[in-house]
Amino acid sequence: MPSASDASTSARFDPATATIAVVTYNRSGLLTRLLESITAMDPKPGHLVIVDNASTDDTTEVVESFRDRIGTEIVYRRLDTNTGGSGGFSEGMRIAYELGSTWIWLMDDDVEVMPDGLARMGAWAPRFKSIQGRRYDYDGSEFYWQYRIAEPLAIPIPFAPAGFDESGYKEMNSGCFEGMFIHRDIVAQIGLPDPRFFIYWDDQMYGWLASRKTTAVIVDEFVLRRTREIKQWDMGIRHMNASSNAYRYYIMRNRGHMKQYYRALGVYNPVLFGLGTALTFVKEVIRLLFVERTVRGTSNLFRGIRDGRRIARDTTWHPMPSLTVSAPTDH
């Protein structure tokens, strides 16, 4: 199993070629904690890209206050409108790619980076091109992420094994923008994250697309810590987080975009994909009843289903284009 020290001795990974890309929106307090953690990193990335989704708080002032002391070059992009996490990460990936970054490390503003986080991720860079590290939850416990999806259903497998063997990694076919570490060669092939999702399913889809081009892995390295407490329902082995009306809408609407991607790639099975959509609906109703203790909000699920059907019927829809005419597939 690689250790963090391997990164410093490996000629194949240079921390200066990595860029951290952060998306933020009206959470300057959380962003401050993240920027403080980046200040303490050793080694540091070559660039830090911050995409501000048109925040109305003091985000700009916070970013500027770190520029001279964070220890890496800050590229700050404030958008004119809120494009959601999907649009923010698409823009952040675009900027990082155009900076010439070899590695792009995506993260939300509600995490902190472990001081040796980049070294730990870089230790795996010689072997893989789509890597997900592990995270601590806000209380310091180990956060479980659903790293595999049932591909025909296009939904996460909630009980995929959490343990690691001596190899220190497990293959995955999903992705999470809270810590995705991806090589520019894969970005060139699959294109930028799709901003049309706005929120939800965008990172799962992007990670799935990456796994079709390369061996994608989650590694047994704790590199991030979540800093925002979220209301949860403790199910014993797993937890179910609280949601919002916006999430409920987009989780159903964006099944339309997912269906279009599946059709475009020739893997769409209407019965199994439809079952995945039905299971998603049931899960969201359970979330309402047992996590948020209400039945209000189901109308957003139905609106999402309606608009998702419109997207699925759109004959002008196309996947995000690749950034290169041809690129070798890495397995």
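Residues numbered from 1 in each chain as written. Predicted model: local features only at pLDDT ≥ 70, side-chain atom pairs only at ≥ 80, totals over all residues. Heavy atoms only, no water.

Some words on the overall build of the protein chain
Of the regular secondary structure elements, the protein chain holds 11 helices and 14 strands. Every one of the 331 residues in the protein chain was classed for burial, and the buried ones make up 52%. If you take every contact in the protein chain between residues at least 6 apart in sequence, the share linking residues at least 24 apart comes to 83%. As displayed, the protein chain has an accessible area near 14400 Å², and 52% of this comes from carbon and sulfur atoms. (Helix = DSSP H or I, 4+ residues; strand = E, 2+ residues; numbered from the N terminus. Buried < 20%, exposed > 50% of the residue type's maximum accessible area, 1.4 Å probe, protein only. Contact = heavy atoms within 4.5 Å. Areas by Shrake-Rupley, 256 points an atom, 1.4 Å probe, with all protein chains shown as cover.)

Some thoughts on the environment of Leu48
With respect to the helices and strands, Leu48 occurs in strand β2 (residues 47-52). For Leu48, a relative accessible area of 0% gives the class buried. Distance in space between the C-alpha atoms of Leu48 and Ile74 is 4.8 Å, their sequence separation being 26 residues. Ignoring anything within four residues of it in the chain, the contact list for Leu48 reads Ile20, Val22, Leu35, Ile38, Ile70, Thr72, Glu73, Ile74 and Val75.

What to know about the packing of aromatic side chains
Per the counting criterion, the structure on display carries 19 aromatic pairs. Pairing Trp103 with Phe181 gives two aromatic rings, centres 4.6 Å apart and planes at 10 degrees, and the pair type is stacked. Note that Trp103 is positioned in strand β4 (residues 103-108) and Phe181 in strand β11 (residues 180-183), a separation of 78 residues in sequence. Note on accessibility: Trp103 and Phe181 belong to one class, buried. Considering the side-chain rings of Tyr136 and Phe222, the 4.4 Å spacing of their centres and the 15 degrees angle between planes classify their relative orientation as stacked. Highlighted residues: Tyr136 in strand β6 (residues 130-136) and Phe222 in strand β12 (residues 216-226), separated in sequence by 86 residues. According to the relative accessible area criterion, Tyr136 is partly exposed, its value standing at 28%. Cluster of aromatic residues (ring-pair linked, three or more members): Phe13, Trp103, Trp105 and Phe181. Lying across the ring of Phe66, Arg69 places its NZ or CZ 4.1 Å from the centre. (Phe/Tyr/Trp six-rings, centres within 6.5 Å; stacked < 30°, edge-to-face > 60°. Lys NZ or Arg CZ within 6 Å of the ring centre and 35° of its normal.)

Topic: empty space enclosed by the protein
Summed over all chains, the structure comprises 2 cavities of 30 Å³ or more. Computed from the structure, the largest cavity encloses a volume of approximately 100 Å³. For the largest cavity, the full set of lining residues is Gly133, Arg134, Arg135, Phe143, Tyr144, Trp145, Tyr147, Ala162, Phe164, Lys170 and Ile218. A per-element tally of the lining of the largest cavity places β6 first, with 3 residues. Classifying every residue of the lining of the largest cavity by side-chain character gives 7 nonpolar, 1 polar and 3 charged. By volume, the second largest cavity is sized at about 40 Å³. Around the second largest cavity sit Ile190, Leu192, Pro193, Asp194, Asp202, Met205, Tyr206, Leu209, Tyr261 and Met320, which together line it. Among the elements that take part in the lining of the second largest cavity, helix α7 (residues 202-211) stands out by supplying 4 residues, more than any other. Split by residue class, the lining of the second largest cavity holds 8 nonpolar, no polar and 2 charged. (1 Å grid on protein atoms, 1.4 Å probe; cavity = no way out; pocket = protein on both sides within 12 Å on 5 of 7 lines; lining within 4 Å. Points joined across faces, edges and corners; volume = space filled by probe spheres on them. Nonpolar A, V, L, I, M, F, W, Y, C, P; charged D, E, K, R; others polar.)

Regarding unusual backbone geometry
With an omega of 5 degrees, the peptide bond running from Asp42 to Pro43 counts as cis. Residue placement: Pro43 occurs in the loop between α2 (28-39) and β2. In this structure, Ala54 takes a positive phi of about 60 degrees despite not being glycine. Of note, the phi angle at Phe198 is positive, near 65 degrees, even though the residue is not glycine. Relative to the helices and strands, Phe198 is located in the loop between α6 (184-190) and α7.

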